[in-house]
Amino acid sequence: MPLRTLSEVLAKAEVGGYGVGAFNVSDLNQAAAVMKAARSERSPVIVQAIAGMHPYEDEGWWWDRLRELVASYPDVEAALHLDHGRTFDDCVRAIDHGFTSVMIDASRRVEDDEPSTLEENIAATARVVEHAHARGVSVEGELGTIGGAEAGVSGTVEEIVFADPDAAADFVEHTGVDALAVAVGTSHGAVKFTTAEAGQRLRIPLIESIKARLPDTYLVLHGSSSIPADAVRTINAHGGRLDESYGVSTEQKQEGIAHGIRKINQGTDSHLTWTAAIREFLDAQRSVVEPSEAQGVAMRAMSGVVAQRMREFGSSGAGA
Ligand code: 13P
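Residues numbered from 1 in each chain as written. Predicted model: local features only at pLDDT ≥ 70, side-chain atom pairs only at ≥ 80, totals over all residues. Heavy atoms only, no water.

1. A look at the environment of Ile207
Turning to step 1, where the next piece is worked out: Along the chain, Ile207 falls in helix H7 (residues 204-213).
Turning to step 2, where the next piece is worked out: Taking relative accessible area as the criterion, Ile207 reaches 0% and is therefore assigned buried.
Turning to step 3, where the next piece is worked out: Sequence separation of Ile207 and Ala183 is 24 residues, and the distance between their C-alpha atoms is 9.2 Å. (Helix = DSSP H or I, 4+ residues; strand = E, 2+ residues; numbered from the N terminus. Buried < 20%, exposed > 50% of the residue type's maximum accessible area, 1.4 Å probe, protein only.)

Laid out in structure tokens, this is it:
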């Protein structure tokens, strides 16, 4: 099965009423872990990478290998997506390397990282849409600014600028994006909310009113990791130093899906699970130096959390 576009994967999710996980990967082992989970769950999947975030010298080489790896699971319905492209050039390069979907995040200016005006955001996004659609590639845009820390994304939880339904309708009409990341209360990274209550602050009525204005646009929830407390505890028990933090609960995500969220971005949960598994293994196996066993432990742990998310989002069993 050739790689799917984001629109193809999300059109099925819209009909089926489920969410599709978009899992960030920054190396081939992580990508294999995500694809293994998708295969075992018979779930559609979005594999996403951020420009500049990988350990390889040559990004084009990495993106080619990533595309080949995803395509080597012909039984899995998968889209390959550029997460948080900051510039037109980022998006063009990803398309040239075979990505089937790109996000142009023009919600902040590249020059000074300040929030863009709606007009600036529309102009930058429309340019990417024109280029991508001519090549059969889907586009995700972002409206409002989602706080937190991610490569290419800055700001704090306090800096979330919520999406506005009227501006969302304007934005989609003038850009033609297929999917829209809406700032509705989540933030990126391992430090999201310092109290459990704050983690419950997904603005469901805002999702509802944006969806009512944009029934044909796929809504995207960024910063959706749950921050599993056991992974944080394990990391800290084996030499790590993570602050207590709360993510987005499974119930909140499911409520978001029930009100129209279709793409759910998750990176931090995979990273926490991976790091916890590696730290625990290396702490217990102090004389092991050959890397494959530790990598295998981490891959299995990451596959486990990704598969769990697929079940929670209702996408398990929905693949081809
Ligand atoms: P998390 O940091 O919650 O995993 O979100 C990732 C994300 O939104 C990537 O775009």
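2. Brief notes about the packing of aromatic side chains
Turning to step 1, where the next piece is worked out: Counted by the stated rule, this structure contains three aromatic pairs.
Turning to step 2, where the next piece is worked out: Joined through ring pairs, the aromatic side chains of Tyr56, Trp61 and Trp62 make up one cluster. (Phe/Tyr/Trp six-rings, centres within 6.5 Å; stacked < 30°, edge-to-face > 60°.)

3. Describing the site of the ligand
Turning to step 1, where the next piece is worked out: With respect to spatial proximity, 15 residues lie near the ligand, and among them Lys192, Gly223, Ser225, Gly267 and Thr268 are the closest.
Turning to step 2, where the next piece is worked out: In this structure, Gly223 approaches the ligand through a main-chain N or O atom, which is 2.7 Å from an oxygen atom.
Turning to step 3, where the next piece is worked out: The backbone of Gly267 places a nitrogen or oxygen atom 2.5 Å from an oxygen atom of the ligand.
Turning to step 4, where the next piece is worked out: About the coverage of the ligand: the protein hides 100% of its 310 Å² of free accessible area.
Turning to step 5, where the next piece is worked out: Those elements giving two or more residues to the shell around the ligand turn out to be strand E3 (78-85) and strand E10 (261-266).
Turning to step 6, where the next piece is worked out: Grouping the amino acids of the shell around the ligand by side-chain chemistry returns no nonpolar, twelve polar and three charged. (Near = heavy atom within 4 Å. Polar contact = N/O pair within 3.5 Å; in protein donor to acceptor, adjacent residues only side chain to side chain. Areas by Shrake-Rupley, 256 points an atom, 1.4 Å probe, with all protein chains shown as cover. Nonpolar A, V, L, I, M, F, W, Y, C, P; charged D, E, K, R; others polar.)

4. Here's the deal with the pairing of strand E2 (residues 45-50)
Turning to step 1, where the next piece is worked out: Of all six residues in E2, six are buried; the element is thus mostly enclosed.
Turning to step 2, where the next piece is worked out: The side-chain alternation of E2 yields two buried faces, one formed by Val45, Val47 and Ala49 and the other by Ile46, Gln48 and Ile50.
Turning to step 3, where the next piece is worked out: Pairing analysis gives three bridges linking strand E1 (residues 20-24) to E2, with the strands arranged parallel. Residue Asn24 lies in a different strand from E2, and its bridge partner there is Gln48.
Turning to step 4, where the next piece is worked out: One crossover worth recording links E1 to the parallel E2 by way of helix H2 (residues 28-41), and it is right-handed.
Turning to step 5, where the next piece is worked out: As judged from the six bridges shared by E2 and E3, these two strands associate in the parallel manner. Bridge assignment links Ala49 to a residue of E3, and that residue is Leu82. (Pairing = 2+ DSSP bridges. Right-handed = clockwise from strand over helix to strand, strands pointing away.)

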